[in-house]
Amino acid sequence: MPRPRVLALLAAAGIALAAAGAAILPATASNAATACAAAYNNSAVYTGGMQVSYNSHNWTAKWWTQYEAPSTGGSGVWADNGSCGGSGGGGGGGTACNYPAWVAGQYYAVGAIVRYTNGLYYQATHENPGYDPTISTWFWSPYACSGGGGGGGGGTTGFVVSEAQFNQMFPSRNGFYTYAGLTDAMAKYPAFAKTGSDTVKRQEAAAFLANVGHETGGLVYINEINTANWPHYCDYSQPYGCPAGQSAYHGRGPIQLSWNFNYKAAGDALGVDLLNNPDLVATNSSISWQTGLWYWMTGTGNAGTTSHNAMVNGQGFGTTIRAINSIECNGGNPAQVQSRVNLYNQFTAILGVPAGGNLTC
């Protein structure tokens, strides 16, 4: 399928909001006895003023949100009302314990979960350079967790990449690109990272995440940075035109969906009207991940096969580069190819599998 696009780095709409979220003060001890609100539901839609409980804290949504677990980081949509107790229950309860040990002096992004030396789990509510979770309570909150997990697997999600491994791969990621949004999106394409041997499943997951990591600067950027290019992605020869506006179809999401015909095709495949509502790719985490998986599972570019089939059939990581951005291949931009390969090697190492052959194109 045609996929002309510009691979300039993208601009994250809402990065400033993440900084604003850090201004929220930590809860005081007087909140400790407050009853917990209803537990947070990741797939539910919350609007301004709605309250939930998550990780033994009550939270209030400031505006519309979905697929963004409560924290004082990310987009800043959640306000921390302080600790709570009672029947509401924290959203983290029951999650499989499959998180790495805390390391003093190691950088932790918002949302990172660690096992402290006391055997308890803590989640980073603000990024920090490895502060002690039992001392620096402004930066860490207790995390409810049960069960043994399973070394390299995905806990209760069925994904071969655990949330801890995902956070390790993307320590500086934008809060928009949530692990929950990705695992929710995978329901649209159940063959993704679930085909073949365990090694092949992990290799495919690593290949996908390496490519999206390359295209988004480590899952930092959501929208294409070069706004001067935005008006160029409207093909008026299409019978449906550009109903959202000439500049509405710029690159967005983990594999930079761009052009009105690609928004139309992706929306039709996913059952979402992206032609009229293209900004859903930059505002709904699950839909954004779905568009990335849509191209991964169906787009062939100049490779003659999809990225999914390339990994499942042993054609190698290099073929996925050709399917996603063939202009980098055959000496077109060897530095960009190497950047993708480096990430793939890094991620396969995290998942404990060999990288395989045919890594470049």
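Here we summarise the structure given alongside this text. The shown structure was predicted, so the numbers you read here are calculated from the model rather than taken from an experiment.

Examining the overall build of the chain
Check the secondary structure of the chain and you find ten helices and nine strands. The contacts in the chain between residues at least 6 apart in sequence include a share of 59% that link residues at least 24 apart. By element, 55% of the accessible surface of the chain is carried by carbon and sulfur atoms, the whole surface being about 14100 Å².

Regarding the pattern of salt bridges
Side chains bearing opposite charge may pair, as long as their charged atoms lie close to each other. Taken as a whole, this structure holds five salt bridges when the rule is applied. Among the ionic pairs, R252 bridges to D279, the shortest N-O distance being 3.3 Å. Residue R252 is found in the loop between β9 (223-224) and α5 (260-270), and its partner D279 is found in the loop between α5 and α6 (280-283); the two are separated by 27 residues along the sequence. Overall, R252 belongs to the buried group, its relative accessible area being 4%.

Digging into the sheet that holds strand β7 (residues 121-124)
The sheet built from three strands is open, its strands ordered β6-β7-β8 with antiparallel pairing. Unpaired on one side and paired on the other, β6 (113-115) and β8 (140-143) mark the two borders of the sheet. Neighbouring strand axes in the sheet, compared pairwise and without regard to direction, differ in orientation by 35 degrees on average. Bridge count for β7 against β8 is four bridges, and the pairing is antiparallel. What sits directly across from Y121, in β8, is Y143.

Some points on the nonpolar core
Residues F159, F208, L209 and W289 are the most contacted members of the largest nonpolar core, which totals 63 residues. Residue assignment for this core shows that the elements contributing at least two residues are α2 (163-169), α3 (179-185), α4 (198-215), α5, α6, α7 (285-298), α9 (317-325) and α10 (334-351). Sequence-distant contacts of W289, defined by excluding residues within four places in its chain, comprise F166, Y177, T178, G181, L182, A185, F208, L209, V212, L219 and P254. Membership of the second largest hydrophobic core comes to 13 residues, among which are Y46, V52, W59 and I113.

Focus: the state of the cysteines
In the structure shown here, the tally under the stated rule is two disulfides. Covalent S-S linkage joins C234 and C242, the inter-sulfur distance amounting to 1.8 Å. Judged by the sign of its S-S torsion, about 110 degrees, the cystine formed by C234 and C242 is right-handed. Side by side, C234 and C242 carry an identical accessibility label, which is buried. Here C329 engages in a disulfide with C361; their sulfurs sit 2.0 Å apart. Handedness here is read from the sign of the S-S torsion; for C329 and C361, about -85 degrees, the answer is left-handed. Here the residue C329 occupies a position in the loop between α9 and α10, and C361 occupies one in the segment after α10, the gap between them amounting to 32 residues.

Quick word on the packing of aromatic side chains
Considering all chains together, one arrives at 17 aromatic pairs under this definition. On the numbers, 5.3 Å between centres and 70 degrees between planes, the contact of F176 with Y177 is edge-to-face. Like Y177, F176 is buried. Relative to W259, the ring of Y233 lies with its centre 5.6 Å away and its plane at 85 degrees, an arrangement referred to as edge-to-face. One end of the pair, Y233, is in the loop between β9 and α5; the other, W259, is in the loop between β9 and α5, with 26 residues separating them in the sequence.

Observations regarding the packing of α9 against α10
Interaxial distance between α9 and α10 falls to 11 Å at its minimum, and their mutual angle equals 130 degrees. Considered as vectors, α9 and α10 are oriented oblique to each other. Seen from above, α9 lies across α10 with right-handed handedness. On α10, the residues that touch F317, I321, I324 and N325 of α9 are V337, R340, V341 and Y344. Residues that form the contact of α9 with α10 fall into these classes: six nonpolar, one polar and one charged.

Conventions we followed
Residues numbered from 1 in each chain as written. Predicted model: local features only at pLDDT ≥ 70, side-chain atom pairs only at ≥ 80, totals over all residues. Heavy atoms only, no water. Helix = DSSP H or I, 4+ residues; strand = E, 2+ residues; numbered from the N terminus. Contact = heavy atoms within 4.5 Å. Areas by Shrake-Rupley, 256 points an atom, 1.4 Å probe, with all protein chains shown as cover. Salt bridge = Lys/Arg side-chain N within 4 Å of Asp/Glu carboxyl O. Buried < 20%, exposed > 50% of the residue type's maximum accessible area, 1.4 Å probe, protein only. Pairing = 2+ DSSP bridges. Axes fitted to C-alpha atoms, helices over the stretch in contact; angles between N-to-C directions. Core = buried A, V, L, I, M, F, W, Y, C linked by side-chain atoms within 4.5 Å. Disulfide = S-S within 2.5 Å. Phe/Tyr/Trp six-rings, centres within 6.5 Å; stacked < 30°, edge-to-face > 60°. Parallel < 35°, antiparallel > 145°, perpendicular 65-115°, else oblique. Left-handed = near helix turned anticlockwise from the far one by under 90°. Nonpolar A, V, L, I, M, F, W, Y, C, P; charged D, E, K, R; others polar.

Just distances and angles here, no functional claims.
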